[in-house]
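# Structural overview
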Amino acid sequence: MSQDDPKTLVSTEWLAAHLSDADLRILDASWYLPSEDRDPKAEFDAGHIEGARFFDIEDISDHRSDLPHMVPPVEKFLSRIREMGVGDGHQIVVYDGSGLFSAARVWWLFKLMGHDDIAVLDGGLPKWKAEKRPLTTDAAVIKDRHMFATPRDAMVKDVTQVSHASKLGDYAIVDARGAARFTGEAAEPREGMRSGHIPNSRNVPYASLLNEDKTMKDPAALKAIFEQAGVDLNKPAITTCGSGVTAAILCLAMERFGKTDHALYDGSWTEWGAFPTVPIATGEA
């Protein structure tokens, strides 16, 4: 697979060359952990890639749930996307201010809604800025465009489905959190949360899939990392993390090396770690 693939990952060079394409739509999906004390919308307003629209992960979510940024109802997703002037027939590129972090969640969300013409910007805004490429404070010109959704329900899992998969072993469950959180040695950042991991899951920290400049490693290296972590790639996969954001990086990585039978556990550890009736494992897998 070439580095540039408009359905998974594109380089800053690719985006710069296509910036004036009439059917291109760019989304800034920056989202940060509370500990980072960063305001993604304020940073967007202060400078973004030309034509970009701000995709608010917290707003475009299911506010009926007590869990953070869960998948929004289809109608809400479509309404917000139409308001951005994004619709059917557009090639979408999504980036974030960390390099490659929250943008993968929005890539996965569009895939879940049945849209494949979306790619993550490899290295994100930091790489774009490091290369001295231009930014603007101008708002994008919004033109109405209709969008349909054909949800792929198999791409998202709930706590009951993951519990069954953990017991039966019919899925490869892969956790994107850091090793110390996976083993239970490090406390969870959310107060009152149990530490450890889903029984029978394997640990592939999302950071291990990235180069120093936050670009994603090549497909062969990605596949080797999953295999070395003991992930059975012959089984369909379920990815998980702290709150369903970095789990999407694992989905993107698998898609890069040709594994398409993956799903994401939307509640992730925020749900599992607080759910009183599901078991927790500690130590190495």
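Residues numbered from 1 in each chain as written. Predicted model: local features only at pLDDT ≥ 70, side-chain atom pairs only at ≥ 80, totals over all residues. Heavy atoms only, no water.

### Quick word on empty space enclosed by the protein
To be explicit about the condition: Cavities and pockets were defined on a 1 Å grid built from protein atoms only: a cavity is a group of points that admits a 1.4 Å probe but offers it no way out, a pocket is an open group of points flanked by protein on both sides within 12 Å along at least five of seven lines, and a lining residue is one with an atom within 4 Å of any such point. Grid points are joined across faces, edges and corners, and a volume is the space filled by probe spheres set on the points. Asp, Glu, Lys and Arg are counted as charged, while Ala, Val, Leu, Ile, Met, Phe, Trp, Tyr, Cys and Pro are counted as nonpolar; the rest, among them Gly, fall into the polar class.
Inspection of the entire model under this criterion finds one cavity of 30 Å³ or more. As a volume, the largest cavity reaches approximately 50 Å³. Surrounding the largest cavity, Phe 55, Ile 57, Ile 60, His 69, Met 70, Pro 72, Arg 105, Val 106 and Leu 109 form its lining. Counted by class, the lining of the largest cavity contains seven nonpolar, one polar and one charged residues.

### What about the packing of helix α4 (residues 103–112) against helix α9 (residues 247–256)?
Between two packed helices, the angle of one axis relative to the other and the distance separating the axes together describe the packing. Which entries qualify depends on this criterion: Orientation is described by axes fitted as lines to C-alpha atoms, over the contacting stretch for helices, and by angles from 0 to 180 degrees between their N-to-C directions. Helix numbers and strand numbers start at the N terminus; a helix is a DSSP run of H or I with at least 4 residues, a strand a run of E with at least 2. Should an angle fall under 35 degrees it is taken as roughly parallel, and over 145 as roughly antiparallel, whereas 65 to 115 is taken as roughly perpendicular and any remaining angle as oblique. By the definition used in this description, the sense in which the near helix is turned from the far one sets the handedness, with an anticlockwise turn below a right angle giving left-handed and a clockwise turn giving right-handed. Working rule for contacts: check all heavy atoms of both residues, and any pair within 4.5 Å makes them a contact.
α9 packs onto α4 with a crossing angle of 70 degrees between their chain directions and a minimal axis gap of 8 Å. Considering their axes alone, α4 and α9 lie roughly perpendicular with respect to each other. Like other packed secondary-structure pairs, α4 and α9 cross with a definite hand, here left-handed. Each of Ala 104, Arg 105, Trp 107, Trp 108 and Lys 111 in α4 lies in contact with α9, whose residues at this interface are Ala 248, Ile 249, Cys 251, Leu 252 and Glu 255. Among the residues forming the contact of α4 with α9, the class breakdown is seven nonpolar, no polar and three charged.

### Observations regarding α9
So the rule is basically this: Each residue is placed in one exposure class: buried if its accessible area under a 1.4 Å probe, protein chains only, is under 20% of its type's maximum, exposed if it is over 50%, and partly exposed if it falls in between.
Buried residues dominate α9, accounting for 10 of its 10 residues. Taken as a whole, α9 has its buried residues at Ala 247, Ala 248, Ile 249, Leu 250, Cys 251, Leu 252, Ala 253, Met 254, Glu 255 and Arg 256. At the C-terminal side of α9, Gly 258 shows a positive phi close to 95 degrees.

### Considerations on the layout of surface pockets
Of the volumes computed, that of the largest pocket is approximately 440 Å³. If you trace the largest pocket, you find 20 residues lining it, with Leu 33, Arg 181, Pro 189, Arg 190 and Gly 242 closest to the centre. For the lining of the largest pocket, the residue count by class is 10 nonpolar, six polar and four charged. Taken as a whole, the second largest pocket holds about 270 Å³ of empty space. Around the second largest pocket, the lining comprises 13 residues; the ones closest to its centre are Asp 21, Leu 24, Arg 25, Gly 51 and Arg 53. In terms of residues, the lining of the second largest pocket owes the most to one element, strand β2 (residues 24–28), which gives three residues.

### Considering the pairing of strand β10 (residues 262–265)
This is how the line gets drawn: A strand pair is defined by DSSP finding two or more bridges across the two strands.
Alternating residues of β10 divide into His 262 and Leu 264 and Ala 263 and Tyr 265, and every residue in both groups is buried. Here strand β6 (residues 156–157) runs beside β10; their pairing, made up of two bridges, is parallel. Looking at β10, one finds that Lys 157 is bridged to Tyr 265. Both strand β9 (residues 237–240) and β10 contribute to a ladder of three bridges, which runs parallel. Its bridge partner being in β10, Ala 237 is matched across the sheet by His 262.

### So, the pairing of strand β4 (residues 91–95)
Where we set the bar: Note on handedness: a clockwise path from strand one over the helix to strand two, with the strands aimed away from the viewer, defines a right-handed crossover.
Among the five residues in β4, five count as buried, and that is most of the element. Burial of β4 is two-sided: the residues Gln 91, Val 93 and Tyr 95 facing one way and the residues Ile 92 and Val 94 facing the other way are all buried. In terms of strand pairing, β4 meets strand β5 (residues 118–121) through three bridges, oriented parallel. Bridge assignment links Val 93 to a residue of β5, and that residue is Ala 119. In terms of handedness, the path from β4 via α4 over to β5 forms a crossover that is right-handed.

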